[in-house]
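Fold and contact review
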Amino acid sequence: MKAAVFKAPGAPLVVETVADPKPGPRELVISVGACGVCGTDLHWTENRDTSGGWRELRAGGILGHEFAGEVVEVGRDIKDRFRPGDSVCALPFIGCGHCAACVAGRVYRCAEAVTRASPALMGAYAEFTRVGSAETIRLPAGVDHRTGALVEPLAVGLAAAERARFNPGASVLVMGAGPVGLSVAMWCRFLGARHVVVSDPVPSRAERSADFGATDSIDASSENVAERMHQIAGGPPGVVFECVGVPGTLQLAIDYVANDGCVVVAGLCMGADSFSPAIAVVKAIDLRFTMCYEKRHFEIIVEHLDRGRIDVSKLVTDTVGFGAFPEKFEQLKRAGDDLKVLLDPSLA
């Protein structure tokens with residue numbers, strides 16, 4: 001099969017022919033219909049320092065964890081549960097299936113879980129990928145593969161919004177209008193926040209946040225975020241979501257949030273960072289980090305998509321095939337107008 005293969009930090013992905021995946025007894029192989037490019041992958045392919053807590057990405061690895069597709073092979077022990085032709089999406093790891101974490105749908109906490117872009121599991125920047133049956137969710141007829149590939153980033157946003165545990169009517173600031181920030185904004189509005197304000201240094205991205213539930217936006221390149229937030233909501237936000245993930249943004253989030261407020265860190269900063277604890281202490285804020293999601297988040301999102309309760313049609317700004325994918329992947333490492341870019345292996 002064709003796949004976009006990682007070679008070395010800072011080097012472009014290379015489209016090559018690699019061996020097809022084979023399903024285990026309780027696994028599936030799917031034909032990838034669409035796979036989204038995640039900011040984590042963009043940062044990861046540049047990372048040379050594993051001291052920040054992230055494992056080394058080895059040469060020959062295949063990334064891609066936001067995907068949907070069609071079942072083409074079914075493991076011998078689950079032929080009564082799935083069949084070729086089923087349309088599905090899946091969590092991007094495979095757990096043991098029987099520990100407490102797996103049973104609870106928190107597969108990322110399974111001690112035996114395998115994750116994508118590792119020697120044990122290829123990602124979905126490929127024509128085919130292997131998934132665990134316990135981690136797989138069927139897509140209804142009204143949810144196509146391109147929309148199904150958005151379930152994972154939408155789950156990141158939903159889990160982050162839940163982590164804040166805010167009350168209806170809350171005032172929220174979302175730092176960063178990338179796919180995660182926009183997903184957070186959408187769910188905050190869905191869950192009853194009164195003010196959902198999105199800031200971004202790229203004006204066009206900030207302005208487009210209105211399509212995803214934001215009540216206001218701030219051009220962080222030219223406006224004073226704290227002052228604008230006061231003008232919009234009458235005071236500082238009770239909740240700040242840091243969805244940027246670069247050194248310095250955590251301190252900004254702490255500076256912006258109201259006394260007794262909450263900062264939720266959803267941006268993945270791969271390098272060392274620092275902040276002033278005294279400011280957080282004086283404000284008596286809650287500082288929470290969020291990384292992942294549960295299987296229930298995928299199930300909730302698929303149901304909402306099927307029933308038309310959420311509209312994510314404007315999240316995808318480009319779809320490319322393997323021919324254009326390595327160059328597009330490199331372009332996304334620089335700030336621009338794109339939101340979510342999909343790889344469609346069926347395109348030239």
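A brief look at the structure comes next.

**Concerning helix 5 (residues 179-190)**
Compared with an ideal rise of 1.5 Å per residue, which puts 12 residues at 16 Å, helix 5 spans 16 Å between its outermost C-alpha atoms and is within 8% of the ideal. Most of helix 5 sits inside the fold, with 9 of its 12 residues counted as buried. Among all positions in helix 5, only Pro 179, Gly 181, Leu 182, Ser 183, Val 184, Ala 185, Met 186, Trp 187 and Cys 188 are buried. The elements touched by buried residues of helix 5 are helix 4 (151-164), strand 10 (171-175), strand 11 (195-200), strand 13 (239-242), helix 10 (295-306) and strand 17 (340-343). Positive backbone phi, approximately 110°, marks Gly 192, located one or two places after helix 5.

**A closer look at the packing of helix 4 against helix 5**
To describe two helices that pack against each other, one gives the angle between their axes and the distance between the axes. Orientation of helix 4 relative to helix 5, taken along the N-to-C sense of each, is 55°, at an axis distance of 8 Å. Comparing the axis directions of helix 4 and helix 5 gives the class oblique. Crossing handedness for the pair helix 4 and helix 5: right-handed. In this structure, helix 4 contributes Pro 153, Leu 154, Val 156, Gly 157, Leu 158, Ala 160 and Ala 161 to the contact, and helix 5 contributes Val 180, Ser 183, Val 184, Met 186, Trp 187 and Cys 188.

**Concerning the side chain of Asp 86**
Along the chain, Asp 86 falls in the loop between strand 4 (66-74) and strand 5 (87-90). Looking at Asp 86, the relative accessible area reads 15%, which means it is buried. A polar side-chain atom of Asp 86 sits 3.0 Å from the main-chain amide nitrogen of Arg 83. Those residues in contact with Asp 86, other than ones at most four positions away along the chain, are Gly 69, Glu 70, Val 71, Arg 81 and Arg 138.

**A short note on the nonpolar core**
One recurring pattern in soluble globular proteins is that nonpolar side chains are buried together. Residues Cys 188, Phe 241, Tyr 293 and Ile 301 are the most contacted members of the largest nonpolar core, which totals 52 residues. At 9 residues, helix 4 tops the list of elements feeding residues into this core. Setting aside its immediate chain neighbours within four residues, Ile 301 contacts Val 151, Leu 154, Ala 155, Leu 158, Trp 187 and Ile 310.

**Considerations on the pairing of strand 4**
Strand residues, when the strand is regular, have side chains that alternate between the two faces of the sheet. Here 8 bridges tie strand 3 (residues 27-36) to strand 4, and the two strands are oriented antiparallel to one another. Of the residues in strand 4, the one forming a bridge with Leu 28 is Val 74. Looking at chain direction, strand 4 and strand 5 are connected through 3 bridges and run antiparallel. Across the sheet, Ala 68 pairs through a bridge with Cys 89, a residue of strand 5.

**Some words on the environment of Tyr 125**
Structurally, the position occupied by Tyr 125 is in the loop between strand 7 (114-115) and strand 8 (128-132). Spatially, the C-alpha atom of Tyr 125 lies 10 Å from that of Phe 6, the residues being 119 residues apart in sequence. Polar contacts involving the side chain of Tyr 125 include one to the side chain of Asp 41, which spans 2.9 Å.

**A closer look at the sheet that holds strand 15 (residues 286-289)**
In spatial order, the strands read 12-11-10-13-14-15; together these 6 strands make up an open sheet with parallel pairing. Of all strands in the sheet, those bounded by a partner on one side alone are strand 12 (216-219) and strand 15. Sheet twist, expressed as the mean angle between neighbouring strand axes with direction ignored, is 20°.

What counts, and where the lines are drawn
- Residues numbered from 1 in each chain as written.
- Predicted model: local features only at pLDDT ≥ 70, side-chain atom pairs only at ≥ 80, totals over all residues.
- Heavy atoms only, no water.
- Helix = DSSP H or I, 4+ residues; strand = E, 2+ residues; numbered from the N terminus.
- Expected span 1.5 Å × (residues − 1).
- Buried < 20%, exposed > 50% of the residue type's maximum accessible area, 1.4 Å probe, protein only.
- Contact = heavy atoms within 4.5 Å.
- Axes fitted to C-alpha atoms, helices over the stretch in contact; angles between N-to-C directions.
- Parallel < 35°, antiparallel > 145°, perpendicular 65-115°, else oblique.
- Left-handed = near helix turned anticlockwise from the far one by under 90°.
- Polar contact = N/O pair within 3.5 Å; in protein donor to acceptor, adjacent residues only side chain to side chain.
- Core = buried A, V, L, I, M, F, W, Y, C linked by side-chain atoms within 4.5 Å.
- Pairing = 2+ DSSP bridges.

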